[in-house]
Amino acid sequence: MTNPDLKTRRANLSPIQYAVTQEGQTERPFTGAYWDEHGEGTYRCVVCGEPLFDSGTKFESGTGWPSFYDVIEKGHVTTKEDRSLGMLRTEVNCGHCGAHLGHLFPDGPDPTGMRYCINSAALDFAPLDDQGGKAET
Ligand SMILES: [Zn+2]
């Protein structure tokens, strides 16, 4: 499925959003918009709007990045091996547009034991109150 808006959306990203989602960079901890966000709602891909994480799986990791122990639905998020920076890590990407989101670590809480460590800059938080309509054009 191709989305003709994707090109436009990528062009309209802020510098940090672009650096994270398109170049795989990582925002500095405690600088993002959502590491301390506690509202109920859905975290969507900032590029394509795909629902990625639910606020119900967000937890306090103390890392300074939004952390989730599970994805909103299987397939919405994909993972792959990342050997950059001399480390073996698991990269987390948007299953729809391929945007870099963050990394996955096996040290999360129950019930999954996983920690999706995600950059705020890769996310667009849609509060529960706004779910009825489309928040973006
Ligand atoms: Zn996406």
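Heads up: the structure comes first, above all this text.
So, a few notes on the structure that sits alongside this text.

Rules of the game
Residues numbered from 1 in each chain as written. Predicted model: local features only at pLDDT ≥ 70, side-chain atom pairs only at ≥ 80, totals over all residues. Heavy atoms only, no water. Salt bridge = Lys/Arg side-chain N within 4 Å of Asp/Glu carboxyl O. Buried < 20%, exposed > 50% of the residue type's maximum accessible area, 1.4 Å probe, protein only. Helix = DSSP H or I, 4+ residues; strand = E, 2+ residues; numbered from the N terminus. Contact = heavy atoms within 4.5 Å. Pairing = 2+ DSSP bridges. Axes fitted to C-alpha atoms, helices over the stretch in contact; angles between N-to-C directions.

## So, the pattern of salt bridges
Phase 1 of the analysis: Under the defined criterion, the tally for this structure stands at 3 salt bridges.
Phase 2 of the analysis: When the shortest N-O distance is used, the salt bridge between Asp82 and Arg89 registers 3.6 Å. The residues Asp82 and Arg89 share a single accessibility class, namely buried.

## Some points on the side chain of Glu91
Phase 1 of the analysis: Within the fold, Glu91 resides in strand S6 (residues 89-94).
Phase 2 of the analysis: Sequence-distant contacts of Glu91, that is, excluding residues within four places in its chain, are made with Thr78, Thr79, Lys80, Asp82, His100, Gly102 and His103.

## Here we look at the sheet that holds strand S9 (residues 123-127)
Phase 1 of the analysis: One open sheet accounts for 3 strands, arranged S2-S1-S9; its pairing is antiparallel. For this open sheet the edge positions go to strand S2 (51-54) and S9, each flanked by a neighbour on one side alone. Across the sheet, the mean angle from the axis of one strand to that of its neighbour is 30°, orientation sign disregarded.
Phase 2 of the analysis: Note: strand S1 (residues 41-45) against S9, 5 bridges, orientation antiparallel. Within S9, the position partnered with Arg44 by the bridge is Asp124.

## Comments concerning the sheet that holds S6
Phase 1 of the analysis: Reading across the sheet, the 6 strands line up as S3-S4-S8-S7-S6-S5 and stay open at both edges, with antiparallel pairing between neighbours. Every interior strand has two partners, whereas the edge strands, strand S3 (58-59) and strand S5 (77-82), have only one.
Phase 2 of the analysis: With 2 bridges connecting them, S3 and strand S4 (residues 67-68) associate as antiparallel partners. In the strand pairing of S4, Lys58 is matched with Phe68.

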